[in-house]
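Take a look at the letters that make up each chain.
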Amino acid sequence: MAQSLAFLLNVPETPEDQGPEPSPYDESEMHDSFHQLIQEQSLWAAEEGLELQQRGPEASGSDHQALLGPEGTVAHSTATLRILASMPSRTIGRSRGAIISQYYNRTVKLRRRTSRPQLGHLGRSARPSLRLYDLELDSTALEEEEKRVLLVKELRGLTVAQRDHMLRAMPLSLAEKRCLREETRTPRGRQGRRGLPSCCNRFQYACVLALHDLGLGLLSVLHVLTPWRYALKRIGGQFGSSVLSYFLFLKTLLAFNVLLLLPLLAFIVGVQAAFPPAPLGSVPAFTGLELLTGAGRFTDTVMYYGYYSNATLNQLCAAALDSGQCTPEAGSLPYNMPLAYLFTVGIAFFVTCITLVYSMSHSFGESYRVGSTLGAHAITIFCSWDHKVTQKWASRLQHDNIRTRLKELLAEWRLRQAPSSVCGRVRQTAVLALVWLLCLTVTLGCTLAIYAFSEFMIKSPVSTDREGALLALPLVVSLLNLVAPYLYRGLAALERHDSPVLEVYVAICRNLILKMVILGILCYHWLGRRVGAVKDQCWENFVGQELYRFMVMDFLFTLLDTLFGELVWRLISEKLRRGQPEFDIARNVLELIYGQTLTWLGVLFSPLLPAMQIIKLVLLFYIKKMSLMANCQAPRRPWLASHMSTIFISLLCFPSFLGAAIFLCYAIWQVKPSSFCGPFRTLDTMYEAGKVWVRRLEKAGPRVSWLPWIHRNLVENTFPIYLVSALLLAMIYLNIQVVRGQRKVICLLKEQISNEGEDKIFLINKLHSVYERKEKSRIGRTQEDETSPVLLTDDRDT
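The structure presented is a predicted model; accordingly, all values stated were derived computationally and were not measured. Counting restarts for each chain: residues are numbered from 1 in the order of the written sequence. Only residues with pLDDT of at least 70 get local features here, since the model is predicted, and only at 80 or more are side-chain atom pairs given and counted; chain-wide, interface and lining totals rely on the full set of residues. In computing side-chain values, all of the structure's heavy atoms are included and hydrogens and water are not.

**Details of the confidence of the model for the protein**
So, step 1. Overall, the predicted model of the protein reaches an average pLDDT of 76, with 73% of residues at or above 70.
So, step 2. pLDDT under 50 marks residues 1-35. Its contacts with residues more than four places away, or in other chains, come to 60 contacts.
So, step 3. Confidence scores labelled pLDDT are given residue by residue by the predictor and lie between 0 and 100. Contacts are assigned to residue pairs that have any heavy atoms within 4.5 Å of one another. Confidence over residues 188-195 falls short of pLDDT 50; this stretch has 2 contacts with residues more than four positions distant or in other chains.

Here's what the structure looks like:
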């Protein structure tokens with residue numbers, strides 16, 4: 001076998017080397033120096049007459065005509081492979097000497113000072129140049145030791161932080177790093193009095209280390225205190241990302257409700273509880289039925305709108321006048337309760353809106369990443385394992401996660417590769433249209449039933465002695481919400497979708513139509529019919545109690561369906577030998593969105609409704625988790641739920657939150673408040689509380705005249721609203737265009753990478769052909785040299 005080509009470091013100087021050498025601190029010049037180095041080494045090797053491989057005459061046949069191309073894999077000659085193996089991109093990073101030389105140059109850059117001699121004044125052998133790179137894999141120990149000594153000297157001149165950072169970044173083994181760290185420390189025998197750290201320095205280092213350890217401890221505690229961290233990992237590993245998306249969405253809703261509840265507790269509920277109004281009558285006794293109806297003992301509490309005062313809060317309100325308005329005493333606190341009530345609800349909704357939009361944009365950025373998903377299988381196999389895991393249960397959990405992830409990726413790949421015929425598509429479209437028609441018929445029937453029953457409840461009012469009858473409408477609505485999704489699920493079995501993702505999306509769409517239509521009928525029932533029907537009562541309290549009853553009944557029906565419905569379904573499936581049922585993601589997610597919409601609708605009329613929703617979500621998490629582990633199995637057709645969280649947040653933002661915001665805006669701007677209760681009892685609309693406050697500010701003096709100007713020009717004027725809406729649309733449009741531009745740039749870069757690869761293939765083929773011609777010419781000259789003496793001998797003989 002031929003000797004391997006060795007690029008030596010002791011390069012002889014040429015006349016071209018007398019000029020200024022490229023500085024190793026400039027990256028572009030470093031690249032040029034590297035290119036020049038390769039050219040010089042190649043020319044020097046050619047001048048010395050080094051041959052890559054001795055080939056026989058028999059090798060000049062068809063075996064030499066091997067060209068690279070994208071059609072197939074072509075085997076190059078040994079000489080070509082040696083040239084490829086000697087390329088800098090293939091040697092740097094694998095050679096230990098090259099790594100040491102590379103980081104030696106980096107340390108020189110860090111230690112550059114004005115007191116040090118210029119680089120041009122040093123000898124060529126002492127310059128930190130790219131010529132110190134060892135391009136040969138088997139470098140000698142002497143050269144490597146020289147580089148190591150230079151690196152240790154430079155590391156000793158760095159600060160402790162720079163030295164540690166440089167050592168961590170080196171792609172060496174832990175043993176090599178440990179040896180370098182020990183060698184860079186100053187020996188104890190060589191330390192003088194100046195080398196010993198002072199007491200202040202030692203105290204400073206101790207404080208820094210203590211703070212560092214404290215920070216790491218706090219981070220680990222916060223990481224451990226993440227709610228349901230282990231439970232979510234277990235669900236994701238056993239049931240996949242599709243089922244996990246439901247529990248992650250539940251956790252997101254819990255965060256939204258906590259964010260909504262905090263300002264309500266701080267500025268409305270807590271303040272009113274500290275300064276309670278005078279009781280208007282006897283307080284009813286607690287019977288226990290209030291937990292279901294929300295009426296009775298709960299009516300005259302901070303739970304509902306009617307309890308809150310309509311004046312500036314002070315110690316205790318004086319005796320109420322005939323108008324029912326609370327008269328403030330002297331020395332009252334400067335806290336206008338109507339204004340605080342209106343602004344707190346508005347600001348809480350605004351913060352929720354901003355958080356929703358941010359979560360949706362962040363979710364879009366995480367799930368709809370720009371680029372290709374090629375290589376996801378290899379990345380999952382080789383790059384997913386966390387080598388810091390030491391416990392057995394954690395490694396088993398991580399193993400389950402990776403296995404489920406691979407199942408989902410393979411199922412998605414098989415779905416893309418599956419062929420589909422034209423007849424099959426037509427048949428599936430016809431079945432899909434028929435099923436959609438039946439589902440819309442079911443939705444229309446549920447809507448008519450709820451509307452008819454609500455009209456019946458208005459025509460036959462319930463007396464105060466029959467509080468249990470108030471549960472009739474919530475009971476009917478919750479029953480229809482429970483039965484209709486099962487009908488949809490049975491009809492969906494006729495469709496037989498090839499994609500489980502499409503099946504879930506279709507189910508979500510059908511359930512969403514049902515929920516939104518029902519909520520629309522209920523909103524009309526509350527603001528369009530109940531406001532006029534309830535004359536001698538506080539209609540805001542009634543609406544708040546209705547929403548409380550709907551939330552309680554929805555939770556009870558969800559609980560019964562989870563504990564008994566899924567259990568019975570599992571027993572039937574096991575009896576029929578079909579295995580355990582799958583978790584219905586669409587129905588459970590729409591139940592969460594429905595309950596959250598009820599919470600947003602009732603914030604104005606019941607400020608503590610988010611607290612009830614938080615309790616409900618916490619209980620739902622543990623109940624659903626227990627039922628999932630006991631009664632359900634992993635999806636039979638695994639699928640990757642990469643966009644599910646984005647879809648859930650989008651549905652929560654646009655149909656749910658937007659509808660609740662429109663409902664509350666209509667109640668604030670158009671509906672007349674009750675004249676018997678609440679902070680807006682003496683006003684025509686709730687919005688007039690802001691106008692009354694502005695008129696008071698105008699009379700207060702010129703120091704606060706800017707506040708009325710802001711209200712008049714920014715709140716009452718519609719032009720800023722249109723301007724902000726236009727700017728928002730423009731930002732959305734620009735964001736879309738930026739994403740499209742990024743996609744185009746990535747496509748162009750991929751095409752450029754492909755072209756670069758073709759260029760390399762072309763150059764390698766050219767080099768290969770040049771080498772073959774040179775080899776043929778050498779063989780020809782050799783044969784001529786061998787035949788020429790024979791001819792001369794024959795001539796002499798003749």
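Picking up after the structure, the text goes on.
**Some words on the packing of aromatic side chains**
So, step 1. Centres within 6.5 Å make a pair out of two Phe, Tyr or Trp rings, where for Trp the six-membered ring is used; the pair is then stacked when the planes are under 30 degrees apart, edge-to-face when over 60, and tilted otherwise. Tallied over the full model, the rule gives 22 aromatic pairs.
So, step 2. Relative to Phe657, the ring of Phe349 has its centre 5.4 Å away and its plane inclined at 25°; by these criteria the two rings are stacked. Here Phe349 is found in helix α11 (residues 337-367), whereas its partner Phe657 is found in helix α20 (residues 644-669), with 308 residues between them in sequence. Note on accessibility: Phe349 and Phe657 belong to one class, buried.
So, step 3. Ring centres of Trp526 and Phe550 lie 5.7 Å apart, and the angle between their planes is 80°; on these two criteria the pair is classed as edge-to-face. A residue pair is termed long-range when its members are at least 10 positions apart, and Trp526 in helix α16 (residues 500-533) and Phe550 in helix α17 (residues 539-575) qualify at 24 residues. Exposure class is identical for Trp526 and Phe550. Each is buried.
So, step 4. Two conditions define a charge located above a ring, namely a distance within 6 Å from the ring centre to NZ of Lys or CZ of Arg, and an angle within 35 degrees of the ring normal. The cationic tip of Lys515 hangs over the ring face of Tyr594; the distance from NZ or CZ to the ring centre is 5.1 Å.
So, step 5. The side chain of Arg549 reaches across the aromatic face of Phe542, ending 5.8 Å from its centre. Numbering of helices and strands runs from the N terminus, with a helix taken as a DSSP run of H or I at least four residues long and a strand as a DSSP run of E at least two residues long. Note on classification: 1.4 Å probe, protein chains only; a residue is buried when its accessible area is under 20% of the maximum for its type, exposed when over 50%, partly exposed between these limits.

**Regarding the side chain of Asp554**
So, step 1. The residue Asp554 is located in helix α17 in this model.
So, step 2. When its relative accessible area of 7% is taken as the criterion, Asp554 is described as buried.
So, step 3. Aside from chain neighbours lying at most four places away, what touches Asp554 is Ser478, Glu591, Tyr594, Gly595 and Lys616.

**Section: the pattern of salt bridges**
So, step 1. One side-chain nitrogen of Lys or Arg within 4 Å of one carboxyl oxygen of Asp or Glu is enough to make a salt bridge. Going through the model one piece at a time under the given rule, you end up with 14 salt bridges.
So, step 2. Between Lys616 and Asp554 there is a salt bridge, and its shortest N-O distance comes to 2.7 Å. Placement of Lys616 in helix α19 (residues 609-631) and of Asp554 in helix α17 is noted, with a sequence separation of 62 residues between them. The same class applies to Lys616 and to Asp554, which are both buried.
So, step 3. Put simply, Arg587 and Glu591 hold a salt bridge, and the shortest N to O gap is 3.4 Å. Residue Arg587 and its partner Glu591 are located together in helix α18 (residues 585-602), separated by 4 residues, close to a single helical turn.

**Describing the packing of α17 against α18**
So, step 1. Lines are fitted to the C-alpha atoms to define the axes, a helix being fitted only along its stretch in contact, and any angle between axes, read from their N-to-C directions, falls within 0 to 180 degrees. It is at 9 Å that the axes of α17 and α18 come closest, and there the two elements cross at 165°. It follows from the interaxial angle that α17 and α18 lie roughly antiparallel. As α17 runs across α18, the sense of the crossing is left-handed. Of α18, the residues touching α17 (which contributes Leu547, Phe550, Met551, Asp554, Thr558, Asp561 and Glu566) are Arg587, Glu591, Tyr594, Gly595, Leu598, Thr599, Leu601 and Gly602.
So, step 2. Partitioned by chemical class, the residues of the contact of α17 with α18 number 6 nonpolar, 4 polar and 5 charged. Geometric relationships in this document are graded by angle, where less than 35 degrees denotes roughly parallel, more than 145 denotes roughly antiparallel, 65 to 115 denotes roughly perpendicular, and other angles denote oblique. Should the near helix be turned counterclockwise from the far one by less than a right angle, the crossing is left-handed, whereas a clockwise turn marks it as right-handed. All amino acids are sorted into three groups, where Ala, Val, Leu, Ile, Met, Phe, Trp, Tyr, Cys and Pro are nonpolar, Asp, Glu, Lys and Arg are charged, and the leftover types, Gly among them, are polar.

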